[in-house]
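# Survey of secondary and tertiary structure
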Amino acid sequence: MSKNKPPSCLDPFEADAISVAAAKQTILDKIVPIQGSVKVALRDALNQYLAKDVISPINVPPHINAAMDGYALAGEDLPTNESQSYQVSGASFAGIPTDQVYTKGSVIRIMTGAVMPSSTDTVVPQEVVDISEDGSINIDTQQRAGQNVRYPGEDIEKGATLFKKGHRVSPADLGIIASLGKGEVDILRRPRVAFFSTGDELKSIGETLNEGDIYDSNRYTLFALLKNLDVEIIDLGVIRDTKEAIEQAFIEAADLADIVITSGGVSVGEADFIKPTLKKLGDTHFWKIAMKPGRPLTFGSYHDSWFFGLPGNPVAVMVTFMQFVQPAINYLASGSITSDILIKAKCLQAIKKRPGRTEFIRAIVSQSDNGELEVKLTGKQGSGILMSMSLANCFIHLPVESNGINEGDVVEIMPFKNIL
Ligand code: AMP
Ligand code: MG
């Protein structure tokens, strides 16, 4: 590449473009995770990040209880040589323990979840006993002492650290915290993320398209991607391609948000003001990545905000968001680092590629009749073809050094929807 020629997407390799891995590392090095916290009602903690470790104040379950409906007795009183008959005395129900005293030769009727009467440690399921006409029961020799009983702390032990600070609360976690009797949870403040689109050709929904105009779709895909992350979303609309408008939007966004995302205007065209604006106001950490799609991506900081200038093309917006912005938000929100999950699949088509950049090919993975994962392309891969993202359930990840794929080769995929 000649020194005087501006970079172009047609260049196979650019010495000043950094690798995807280096870009991810730079982002982690620059971002400082949120420390501020708020106390919320348990239900509002779903999908949020814990501000403190959760330590159990109790044993769960709190008492020894039956795991099945049946009959309680001491394991040492089970029959050994031949089946034996027992009198049934009393009954223990879940939430209504019995004060019946256990005596050898009898059993106590018990329901799942009921406290085991003292001196009993074994439950014989009702399905395996024979009930005589006089109401006594017959137990065979197949039963084991200690069976079908749940012990205190078996699920959760008192004093155990269940979740660390920064852990994201899942539906199961919400249930676990409820099982501890905690009605409130300390969570980290949610990240505030502002975004705007840039481009004189962009019209918002409801406006009329003139010659050369298109509707702004990036604000909708960004909104949707952010919605999935449960952050505070600030949509600042479409900003015209002037230095002044972009600078003003930039300052306003940084004032409102921890992370500012823009789309478009990030290349080296004459109406591309994102890079110079960041350069003027803040610090640029990188501006070009050896990847496709998404090569021109600017990352920087301004005051207390981090800035992602994504490319304008709709597919590039989604790919760069998923690769860089999503892990950045996750790290900001939780202090923990997400790692990519790559799965091997057989590629049903040849793919042309030259070494020098990482490529994210939109593709569909499915399971063949013999259980193998097979992947095929969604079709045309232009970075303006948003249908390729809509059809895809994964990316085929072609690393920098790859020089193409032959039909039948095994490739690495990154699933991003339910894969089967
Ligand atoms: P740019 O990076 O501004 O040169 O934009 C690259 C391409 O993406 C152009 O074809 C733009 O029209 C298109 N584009 C930019 N922003 C948007 C948007 N918000 N919605 C849909 N297409 C866009
Ligand atoms: Mg533009």
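Keep in mind that this is a model prediction, so the values were computed, not measured.

## Notes on the overall build of the protein
- Counting its regular elements, the protein contains 7 helices and 26 strands.
- A compact globule built from 420 residues would reach a C-alpha radius of gyration of about 22 Å, whereas the protein, at 31 Å, exceeds it by more than 25%.
- The long-range share in the protein, meaning contacts at least 24 apart out of those at least 6 apart in sequence, stands at 71%.
- Accessible area of the protein: about 21100 Å², with a carbon and sulfur share of 51%.

## Let's talk about the domain arrangement of the protein
- Splitting the protein by domain gives domain 1 (20-34 + 190-334), domain 2 (37-60 + 154-188), domain 3 (65-150) and domain 4 (343-415).
- The gap between the C-alpha centroids of domain 1 and domain 3 is 66 Å.

## Points about the site of ligand 1
- Taken together, 14 residues surround ligand 1, and among them E201, D216, S217, N218 and G265 come closest.
- Between ligand 1 and E201 there is a distance of 2.5 Å, counted from an oxygen atom to a side-chain nitrogen or oxygen.
- One nitrogen or oxygen atom from the side chain of D216 is found 2.7 Å from a nitrogen atom belonging to ligand 1.
- A total of 490 Å² of accessible area belongs to ligand 1 in isolation, and the protein chains cover 76% of it.

## Focus on the sheet that holds strand β4 (residues 70-73)
- Spatial ordering of the open sheet is given by β7-β4-β6-β5-β9-β8, a layout of 6 strands whose pairing is mixed. Since the sheet does not close on itself, it has two edges, and those belong to β7 (122-125) and β8 (130-131), each with one partner.
- In this sheet, β7 lies alongside β4 in antiparallel orientation, the contact comprising 4 bridges. Opposite A72, over in β7, you have V123 as the bridge partner.

## Notes on helix α5 (residues 274-281)
- Turning to α5, its buried residues number three or more, namely I274, T277 and L278. The arc that holds the buried residues of α5, viewed along the axis, is 95°, so those residues lie on one side. Residues of α5 that are exposed and angled more than 90 degrees away from the buried face: K279 and K280.
- Where the residues of α5 are buried, they touch β13 (192-198), α4 (243-256), β17 (259-263), β18 (283-286), β20 (298-302) and β21 (305-310).

## Description of the packing of aromatic side chains
- A full pass over the atoms with the stated rule returns 6 aromatic pairs.
- Relative to F307, the ring of F250 has its centre 4.5 Å away and its plane inclined at 40°; by these criteria the two rings are tilted. One end of the pair, F250, is in helix α4; the other, F307, is in strand β21, and 57 residues separate them in sequence.
- Assessed through its relative accessible area of 2%, F250 is described here as buried.
- What makes F307 buried here is its relative accessible area of 2%.
- An aromatic cluster of at least three residues, connected via ring pairs, comprises F250, Y302 and F307.
- The side chain of R109 reaches across the aromatic face of Y71, ending 5.0 Å from its centre.
- Positioned over the ring face of W287 is K275, at 3.5 Å from the centre of the ring.

Conventions used here
Residues numbered from 1 in each chain as written. Chains lettered and ligands numbered in written order. Predicted model: local features only at pLDDT ≥ 70, side-chain atom pairs only at ≥ 80, totals over all residues. Heavy atoms only, no water. Helix = DSSP H or I, 4+ residues; strand = E, 2+ residues; numbered from the N terminus. Rg over C-alpha atoms; globule rule 2.2 N^0.38 Å. Contact = heavy atoms within 4.5 Å. Areas by Shrake-Rupley, 256 points an atom, 1.4 Å probe, with all protein chains shown as cover. Domains from an automatic or database assignment. Near = heavy atom within 4 Å. Polar contact = N/O pair within 3.5 Å; in protein donor to acceptor, adjacent residues only side chain to side chain. Pairing = 2+ DSSP bridges. Buried < 20%, exposed > 50% of the residue type's maximum accessible area, 1.4 Å probe, protein only. Arc of directions from axis to C-beta. Phe/Tyr/Trp six-rings, centres within 6.5 Å; stacked < 30°, edge-to-face > 60°. Lys NZ or Arg CZ within 6 Å of the ring centre and 35° of its normal.

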